[in-house]
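Survey of secondary and tertiary structure
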Amino acid sequence: MTIELGDLMPHFTALDAHGNTFDSRDYVGKKPLVIYFYPKDNTPGCIEQACGFRDQYQEFKDLDVEIIGISSDSVDSHVAFAKQYQLPFILLSDGDKSIRKLFGVPSGLLGILPGRVTYVVDKEGKVILVFDNSINATKHISKALEAIKAIGSNQ
């Protein structure tokens with residue numbers, strides 16, 4: 001299964017960097033989401049991407065959007081990653097890659113690394129952007145912000 005434009009975001013739960021259970025149903029109907037899947041904590045592209053979302057975080061918050069980063073790293077790895085780079089948004093641990101499979105995130109870079117895909121979901125849970133680009137990690141931030149601003153102007 002691959003999530004595409006216009007699809008409803010699938011329901012999922014996972015542990016966040018504080019060890020709490022995150023449930024996607026707690027957000028649907030309340031606020032738009034930027035859900036980005038990334039390969040691995042503390043790798044150059046992933047640091048660049050996470051810090052890009054961090055640096056633009058207030059702009060997303062001003063638009064009432066929550067950012068969620070997902071990788072297969074452990075909760076402990078996410079805790080250290082978030083602390084080291086002062087990441088204010090939600091990081092979820094997908095150790096068994098079940099959320100990645102649920103969204104249909106493909107492998108990136110010759111199938112060696114997990115793919116880097118960003119989904120923007122409107123307030124009602126409908127996917128309005130799927131951006132798949134394993135090479136240009138920072139492009140995900142501007143694409144997500146563009147999509148969020150577009151739904152704001154269409155309401």
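**Focus on the packing of aromatic side chains**
Summed over all chains, the structure comprises 14 aromatic pairs. Centre to centre, the rings of phenylalanine 37 and tyrosine 119 are 5.9 Å apart; their planes meet at 85°, and the pair counts as edge-to-face. Residue phenylalanine 37 is found in strand E3 (residues 33-37), and its partner tyrosine 119 is found in strand E8 (residues 117-121); the two are separated by 82 residues along the sequence. Note on accessibility: phenylalanine 37 and tyrosine 119 belong to one class, buried. With centroids separated by 6.4 Å and ring planes inclined at 75°, the aromatic side chains of phenylalanine 53 and phenylalanine 89 adopt a geometry described as edge-to-face. Taken as a pair, phenylalanine 53 in helix H1 (residues 44-62) and phenylalanine 89 in the loop between helix H2 (75-85) and strand E5 (90-93) lie far apart in primary sequence, 36 residues in all. We note that phenylalanine 53, like phenylalanine 89, is buried. Among the aromatic residues, those joined into a cluster by ring pairs are Tyr36, Tyr38, Phe53, Tyr57, Phe60, Phe81, Tyr85 and Phe89.

**Looking at H1**
Its 19 residues place the ends of H1 28 Å apart at the C-alpha level, agreeing with the 27 Å of an ideal helix rising 1.5 Å per residue. Along H1, the sharpest kink reaches roughly 55°, centred on glutamine 56. For H1, the complete set of buried residues consists of Cys46, Ile47, Gln49, Ala50, Cys51, Gly52, Phe53, Tyr57 and Phe60. Just downstream of H1, aspartate 64 is the residue with a positive phi angle, here 60°.

**Regarding unusual backbone geometry**
Positive phi, close to 60°, is recorded for asparagine 42, a residue that is not glycine. By relative accessible area, asparagine 42 is classed as partly exposed at 38%.

Conventions we followed
- Residues numbered from 1 in each chain as written.
- Predicted model: local features only at pLDDT ≥ 70, side-chain atom pairs only at ≥ 80, totals over all residues.
- Heavy atoms only, no water.
- Phe/Tyr/Trp six-rings, centres within 6.5 Å; stacked < 30°, edge-to-face > 60°.
- Helix = DSSP H or I, 4+ residues; strand = E, 2+ residues; numbered from the N terminus.
- Buried < 20%, exposed > 50% of the residue type's maximum accessible area, 1.4 Å probe, protein only.
- Expected span 1.5 Å × (residues − 1).
- Bend = angle between axes of the 7 residues up to and from the residue.

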